[in-house]
Amino acid sequence: MGRHRIGVVIAVVFAVLSCVSRPAAAETGADGWLRYAPLSSTARAQYASFPATVVMLGDSPVLRTSRDELVRGIAGMLGVRLASTAAVGAGDAIVIGRADQVRRAVAGAAVPADLRADGFWVGTTSVSGRRLILVAGQADRGVLYGTFTLLRRIALGDPLASLDERQEPAAPIRWVNEWNNLDGTIERGYAGPSIFFENNNVRADLTRVSEYGRLLASIGINGCDVSNVNANTRVIMPEFVPQLVRLAAAFRPWGVRLSVSIDFSSPQKIGGLDTFDPLDPRVAAFWKTTVDRIYAQIPDFGGFVLKADSEGRLGPSAYKRTHADAANVIARALAPHGGVLFYRGFVYDNRMDWRNLKNDRARAAVDNFKTLDGSFDANVILQIKNGPIDFQVREPASPLFGTLQKTNQVIELQITQEYLGQQRHIVYLPPMWKEVLDFDMQVQPKGMQTLVRDLVTGKAFSRPLGGFVGVSNVGLDRNWLGHHLAMSNLYGFGRLAWNPGLSSERIADEWTRMTFGDDPRVLKAVAGILLESWPAYENYSGSLGIGTLTDIIGVHFGPGVESSERNGWGQWHRSDGMGVGMDRTVATGTGFIGQYSPDVARVFESLATCPEELLLFMHHVPYTHRLRSGKTVIQHIYDQHYLGAEQAAGFVSRWKTLEGLVDRERYLEVLDRLEFQAGHAVVWRDAVNTWFQRTSGIQDEKGLVGREAGRVEAESLSLTGFTIVDVTPWETASGGKAVVCDSTSGCAATFEYRDSPGARDIVVQYYDQSDGASRYRLLVAGREVDRWRADRNLPHVESNGHTATRRTAHGVSLKTGNLIRLEATPDGREPAPVDYVEVK
Ligand code: GCV
């Protein structure tokens, strides 16, 4: 057989094999929801007469991207390789272009004449027997968004026959912020290092940046601030700007404008001035020169984000100037170029006296900005976090949204799950965001709603600039956010920024179909997990509006109930022996409630009408206060924590029903995260419940708290080599203690199983610190039933709520009298810590 024929045979065999194995092919998650997986034959049937040509009218980088994406998507989903031309010819075609061009090229096409910025129309028409699918954008970006919409419709199996869809975004600003440091680390990033920076420079290979641009464009995001709001002055220095040019170029074909965060003291730190006083003309000149230099090299640069006078960042208070003075001096430099200045509303004092019961961090935003309404320049936008504290599991809508009427505003939402499980837990966020967006601030005349979404889009008070900013913090991990399911949040953010009226259910359904396919079993299981995940997390991490009961002055991950108290950070929940919650009433508390309009305040002020999910955010009540269910607050806390842990366990069983229906790689990776979450939910449950039981002195009426069936404390086992230690905070270890091994040759803990024989789960709770990868072996009657390494890379170097981890050996056959032996070998500085063993 000649070499050529051998080659052909190999190619054919390969093609057949790859065809056969395609559905089961391992997936990394790199394409997110843009997988363009082949449609099932039934779904594909309705696109049988799909055109084989794409006509691109005009030319630009964004138009070319649109065309190439269409070619890619149609090839993937329908197996049709589109030919590309520049003019409408004799056959069926998809025609893409700006509205005016489409109207000129296709006589009689019903393209609307008045599309707003970034808007588009997609429709079908018939001209002399030719069937045309038209994608017409108000400008190039609209063409791109229309193209992605068409592809989404096909991915979702929507019929195209009577397609006639006009879409315009709810607001002009739809940005993401990335808290990336120039050294490649990411503040509150949980998916590997930066895709933008390394070693104080922009990365040499920006492939991931354009891939990210593609994901962003597909959901209508049009701007990205790539650098941490805790800003590095280097990012705007003359020698760095050429590096920004490369980043802007990677984003440009996707219609995403580049922006960076700035340090307010830059005029002094890098400008050679002895001041950064915003009213000093030399400071204004510094900003003008800096901005002009950037725009000379990046004409479509978006603007800056500024965090000033917050968490140690310097700001206008250094010169007794106002936030408006600070914002305007920079905004004036940006204005001639069409740039905008996002000024963060996250300004508060982190050295407040906790003893003063009238002090309240939640008040800070309104107190700081209320009197400045109307004093900001037209291209300044106040960037306001959804709640008045800081991305807690439950907060009311920030009252600042309803306070500003003459200032542009955007809502800042957090996609990265800083306080919500850091992508080691699944928490689907659109339902939480929707609660805020759909909240009625009641600041307009009686009878008129003032929904937060209408305030932030600018609709309520006719503000020209407004919209949505999502703190995303994607990283180099192939699946972007560390957890495949967490991508539903990036997707959901973009979809809501485009149309805040969409429902969480619809977003979950769209995302799941595109990410995992349309098998009804997959849709049901994934939607079930996503939609229950926020309530579940709230149940086990902090219910009734108390806030996420995590270590708030540390890494914000695991439980640490007391860390909120007795410090200046103001995330107090004020739990003591008698009661719990922050009194924010006007009558007896901090007066925060008075920052809302009178109609809203009235509801929050009264215990009788305050929504119970915000009870402890607004009121301090005795533990024995009865909720509308008739339960006491303390019993509710206990019960919700049990419920939340059960819900998290349920996610594992639901996901397991998808074995074989989802590709193996993503199936196993998601399973691993869900199993960790289920274990950590128990850690949360026990820590919070035992803390409240000890603090309140009130026993759980169900007798569950502190008395887990089948649990044996490690310190009560027969120990060889292990020593007993106290764990801090105490509530993050069962009984407050654990055992650690200091011997490199390993340690063992043994006990006799005394219960009835049968198949049992054996759970080991240990601590997986980030400073080593200890090894564990579990043996029953001398036979190994499980082994693992503690190498999860959890965010702490000590044994505490961040590192407490449960490992379960399922269905182990046990006989009465069997010896259960746990062997542990330390590694690095991690002393193979163990908290308890449970046989269930
Ligand atoms: C980027 C919280 C976070 C900080 C973050 C800050 C902010 O305090 O913990 O990491 O800083 O918010 O939003 O500026």
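Anything mentioned here points back to the structure above.
Small disclaimer: the values here were computed from a predicted structure and weren't measured. (Residues numbered from 1 in each chain as written. Predicted model: local features only at pLDDT ≥ 70, side-chain atom pairs only at ≥ 80, totals over all residues. Heavy atoms only, no water.)

1. What about the sheet that holds strand β25 (residues 775-780)?
Inference 1: Taken together, the five strands give an open sheet; going across it, the order is β20-β23-β28-β25-β26, and neighbouring strands pair in antiparallel fashion. The strands lining the two open edges of the sheet, one partner per strand, are β20 (718-720) and β26 (783-789). Shown here is a sheet whose adjacent strand axes are inclined to one another by a mean of 15 degrees, direction ignored.
Inference 2: As judged from the three bridges shared by β20 and strand β23 (residues 747-752), these two strands associate in the antiparallel manner. Its bridge partner lying in β23, Ser718 is registered against Thr750. (Pairing = 2+ DSSP bridges. Helix = DSSP H or I, 4+ residues; strand = E, 2+ residues; numbered from the N terminus. Axes fitted to C-alpha atoms, helices over the stretch in contact; angles between N-to-C directions.)

2. Considering the packing of helix α3 (residues 61-78) against helix α5 (residues 140-155)
Inference 1: Packing of α3 against α5 brings their axes to within 8 Å, and their N-to-C directions diverge by 5 degrees. By the angle between their directions, the pair α3 and α5 is classed as roughly parallel. In contact with Val62, Leu63, Thr65, Ser66, Glu69, Leu70, Gly73, Ile74, Met77 and Leu78 of α3, α5 contributes Asp140, Arg141, Val143, Leu144, Thr147, Phe148, Leu150, Leu151, Ile154 and Ala155.
Inference 2: Within the contact of α3 with α5, the residues separate by chemical class into 13 nonpolar, four polar and three charged. (Parallel < 35°, antiparallel > 145°, perpendicular 65-115°, else oblique. Contact = heavy atoms within 4.5 Å. Nonpolar A, V, L, I, M, F, W, Y, C, P; charged D, E, K, R; others polar.)

3. Focus: helix α17 (residues 520-541)
Inference 1: Taking 1.5 Å per residue as the helical rise, α17 with its 22 residues ought to reach 32 Å, and the 31 Å between its terminal C-alpha atoms agrees with that figure.
Inference 2: The largest bend in α17 comes to about 45 degrees, at Ser533, with the proline Pro535 one to four residues further on.
Inference 3: The residue sitting at the N-terminus of α17 and contributing the capping side-chain oxygen is Asp519; that oxygen lies 2.8 Å from the backbone nitrogen of Arg521. (Expected span 1.5 Å × (residues − 1). Bend = angle between axes of the 7 residues up to and from the residue. Polar contact = N/O pair within 3.5 Å; in protein donor to acceptor, adjacent residues only side chain to side chain.)

4. A closer look at the packing of aromatic side chains
Inference 1: All chains considered together, the criterion is met by 33 aromatic pairs.
Inference 2: Geometrically, the ring pair formed by Phe557 and Phe676 is stacked, given 6.4 Å between the ring centres and 10 degrees between the ring planes. Separated by 119 residues along the polypeptide, Phe557 in the loop between α17 and β17 (579-580) and Phe676 in helix α21 (residues 664-696) bring together distant segments of the chain.
Inference 3: We classify Phe557 as buried; its relative accessible area is 0%.
Inference 4: By relative accessible area, Phe676 is classed as buried at 5%.
Inference 5: Here Phe592 and Tyr596 contribute two aromatic rings whose centre-to-centre distance is 5.4 Å and whose plane-to-plane angle is 90 degrees, an arrangement assigned as edge-to-face.
Inference 6: What makes Tyr596 buried here is its relative accessible area of 5%.
Inference 7: An aromatic cluster of three or more residues is present, and its members are Phe286, Trp287, Tyr295, Phe301 and Phe304.
Inference 8: The ring of Trp480 carries the charged tip of Arg208 above its face, separated from the ring centre by 4.0 Å.
Inference 9: For Arg361, the ring lying beneath its charged end belongs to Tyr348, and the centroid distance is 3.7 Å. (Phe/Tyr/Trp six-rings, centres within 6.5 Å; stacked < 30°, edge-to-face > 60°. Buried < 20%, exposed > 50% of the residue type's maximum accessible area, 1.4 Å probe, protein only. Lys NZ or Arg CZ within 6 Å of the ring centre and 35° of its normal.)

Geometric values such as these leave the question of function open.
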